[in-house]
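One letter stands for each residue in the lines below.
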Amino acid sequence: EPLNRTEDFIGRCSSYGAVIVGSDQMWNPRWVVPSRFLPIVFLDFARTGCKRVAYAVSFSERSWGDRCRDQAADLMRKFDHLSVRERSGVDIVKQISGCDAELVLDPTLLHKASFYRQLMSAKNGTTGGYAFEYMINGWSWTKEECDSIGVCLSEFGIKNTIDDTSSAGGMM
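The notes below deal with the structure included here. (Residues numbered from 1 in each chain as written. Predicted model: local features only at pLDDT ≥ 70, side-chain atom pairs only at ≥ 80, totals over all residues. Heavy atoms only, no water.)

Brief notes about the packing of aromatic side chains
Then, in step 1: A full pass over the atoms with the stated rule returns five aromatic pairs.
Then, in step 2: Ring geometry for Phe59 against Trp64: centres 6.1 Å apart, planes inclined by 85 degrees, an arrangement best described as edge-to-face. Each member of the pair, Phe59 as well as Trp64, carries the same accessibility label: buried. (Phe/Tyr/Trp six-rings, centres within 6.5 Å; stacked < 30°, edge-to-face > 60°. Buried < 20%, exposed > 50% of the residue type's maximum accessible area, 1.4 Å probe, protein only.)

Details of the pattern of salt bridges
Then, in step 1: Considering all chains together, one arrives at six salt bridges under this definition.
Then, in step 2: Residue Asp100 pairs with Lys94 through a salt bridge whose shortest N-O separation is 2.8 Å.
Then, in step 3: Given a relative accessible area of 60%, Asp100 falls into the exposed group.
Then, in step 4: Beyond isolated ion pairs, a larger network of salt bridges with shared partners links Asp24, Arg85 and Asp106. (Salt bridge = Lys/Arg side-chain N within 4 Å of Asp/Glu carboxyl O.)

Overview of the pairing of strand β3 (residues 81-84)
The two faces of a sheet get side chains in turn, since along a regular strand they alternate between them.
Then, in step 1: Alignment of strand β2 (residues 51-57) against β3, held across three bridges, turns out to be parallel. Within the sheet, the bridge partner assigned to Ala54 lies in β3 and is Leu82.
Then, in step 2: Sheet analysis places β3 next to strand β4 (residues 102-103), joined by two bridges and oriented parallel. Paired with Val84 across the strands is Leu103, a residue of β4.
Then, in step 3: In this view, the connection linking β3 to its parallel neighbour β4 by way of helix α5 (residues 87-97) has right-handed handedness. (Pairing = 2+ DSSP bridges. Helix = DSSP H or I, 4+ residues; strand = E, 2+ residues; numbered from the N terminus. Right-handed = clockwise from strand over helix to strand, strands pointing away.)

A look at the side chain of Ser88
Then, in step 1: In this fold, Ser88 is placed in helix α5.
Then, in step 2: Dropping the residues within four chain positions of it, Ser88 is found in contact with Glu61 and Arg62. (Contact = heavy atoms within 4.5 Å.)

Description of the sheet that holds β3
Then, in step 1: Taken in spatial order, the four strands make up an open sheet running β1-β2-β3-β4, and their pairing is parallel. If you trace the sheet from one side to the other, it starts and ends with β1 (18-21) and β4, each paired once.
Then, in step 2: Bridge count for β1 against β2 is four bridges, and the pairing is parallel. Paired with Val19 across the two strands is Arg52, which belongs to β2.

Brief notes about the side chain of Asn28
Then, in step 1: Among the structural elements, Asn28 can be located in the loop between β1 and α2 (29-32).
Then, in step 2: Overall, the relative accessible area of 0% leaves Asn28 in the buried class.
Then, in step 3: At a separation of 2.7 Å, a polar atom in the side chain of Asn28 contacts the side chain of Gln25. (Polar contact = N/O pair within 3.5 Å; in protein donor to acceptor, adjacent residues only side chain to side chain.)

Here you go:
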């Protein structure tokens, strides 16, 4: 059953023995620093006795900054296990909360190459070779940079078409 509201999600989790947060961008301070998001991504809604686990969370930043630092520190200290996927994340956790975080592999790298080959060979409605680029923090490459990458990709038969109608990303 889909959970479409935060309240539904929190209600469902109230009966769980463990709750896991992870991985990509989950603790990016540019996204979660408005204090109303911190309790959600730091699992503050989990009931007492419920294990809180951070698996391969990513800050996607080199530092946390000053905003909501104390609140983030208090929430991090409630975790039973902390793991991050960047060395800078280990440092951020230590600097903010004094806790130790384990450095783990990006979960996308846990599959063997055959898993991704099978995905790429599946019929997915696309034709021809292409590369898709999605910029999670907004378009940061210029058209010239995309064109330059496209020239390199064209050597492999991959088309260079840019969809610059999206502020979130583009297609090469």
